[in-house]
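Examining the three-dimensional arrangement
What follows is the residue order along each chain.
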Amino acid sequence: QVQLVESGGGLVQVGGSLRLSCAASGRTFSSYGLGWFRQAPGKEREFVAAISWSGNPYYRDSVKGRFTIARDNAKNTVYLQMDSLKPEDTAVYYCASSGSQNLATMKALNEYQLWGQGTQVTVSS
C-alpha cells in the first residue's frame, strides 16, 4: 500500500519550533516532488512549501525565512522545520507527493496525487 504518514505536530508557544516529518512507504519517492500544505478551521487548504526531486525548495511568502523543507531520499522522508511560529500557523498540516517536475506549478493542490492524513499544529499565544 502506497501511503504518506505525517508526524511531529503538537502544541507550541509563539516563537517556538516544530519539525514535521512525512514518511513515504510502498514505493520510492526519490523522483517525485513533495509538498506541505495546511488547512485552518473554516479555511481552504493552502500551499506551504515544496521540494523538487532534485532538492530545490519553494515557499509561500509568509513562511520564507521561518520554515525549511528538506528531503532524505534514503529514508523516503520529507521534513518541514518550522521556526518562529505564529498563531496564524495553526492548522492541520498535510504532506503530498507530485509527479510534476516543474517546481513553479507545485503550489497547486491539483498537482499532487497522494496525500497523507495530516498532523495538527497549534501555536498558542
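Description of the structure in this document. Everything numeric in this text was worked out from a predicted model, so none of it was measured. (Residues numbered from 1 in each chain as written. Predicted model: local features only at pLDDT ≥ 70, side-chain atom pairs only at ≥ 80, totals over all residues. Heavy atoms only, no water.)

This next bit is on the overall build of the chain. Broken down by element type, the chain carries zero helices and 11 strands. Going residue by residue from the N terminus, the α and β elements of the chain occur as β-β-β-β-β-β-β-β-β-β-β. Scaling as 2.2 N^0.38, a compact globule of 125 residues should have a C-alpha radius of gyration of about 14 Å, and the chain matches this with 13 Å. With the C-alpha coordinates of the chain rotated into their principal frame, the extents come out at 40 × 25 × 25 Å. The proportion of buried residues among the 125 residues of the chain is 44%. For the chain, the accessible surface area stands at approximately 6,200 Å², while carbon and sulfur atoms represent 48% of it. (Helix = DSSP H or I, 4+ residues; strand = E, 2+ residues; numbered from the N terminus. Rg over C-alpha atoms; globule rule 2.2 N^0.38 Å. Buried < 20%, exposed > 50% of the residue type's maximum accessible area, 1.4 Å probe, protein only. Areas by Shrake-Rupley, 256 points an atom, 1.4 Å probe, with all protein chains shown as cover.)

What follows is about the environment of S54. For S54, the location among the structural elements is in the loop between β5 (46-51) and β6 (57-59). Residues S54 and S30 lie 24 residues apart in sequence; the distance between their C-alpha atoms is 8.4 Å. Of the polar contacts made by the side chain of S54, one reaches the side chain of S52; its length is 3.0 Å. At 3.3 Å, the side chain of S54 and the side chain of N56 are in polar contact. (Polar contact = N/O pair within 3.5 Å; in protein donor to acceptor, adjacent residues only side chain to side chain.)

We now examine the side chain of T77. Residue position: T77 is located in strand β8 (residues 77-82). At a separation of 2.8 Å, a polar atom in the side chain of T77 contacts the main-chain carbonyl oxygen of K75.

Take the sheet that holds strand β7 (residues 67-72) next. Sheet strands line up and pair through hydrogen bonds in the backbone, either parallel or antiparallel. Sheet architecture is open: four strands sit in the order β1-β3-β8-β7, paired in antiparallel fashion. The sheet is open, and its two edges are formed by β1 (3-7) and β7, each paired on a single side. Ignoring which end each strand starts from, the neighbouring axes of this sheet average 15 degrees apart. Bridging between strand β3 (residues 18-25) and β8 involves six bridges; their strand directions are antiparallel. Bridging from a neighbouring strand, A23 pairs with T77 of β8. (Pairing = 2+ DSSP bridges. Axes fitted to C-alpha atoms, helices over the stretch in contact; angles between N-to-C directions.)

Not every positive phi belongs to a glycine, and N76 is a case in point at roughly 55 degrees. Here N76 shows up in the loop between β7 and β8. The exposure class of N76 is buried, given its relative accessible area of 17%. A positive phi angle is found at S84, which is not glycine, with a value near 50 degrees.

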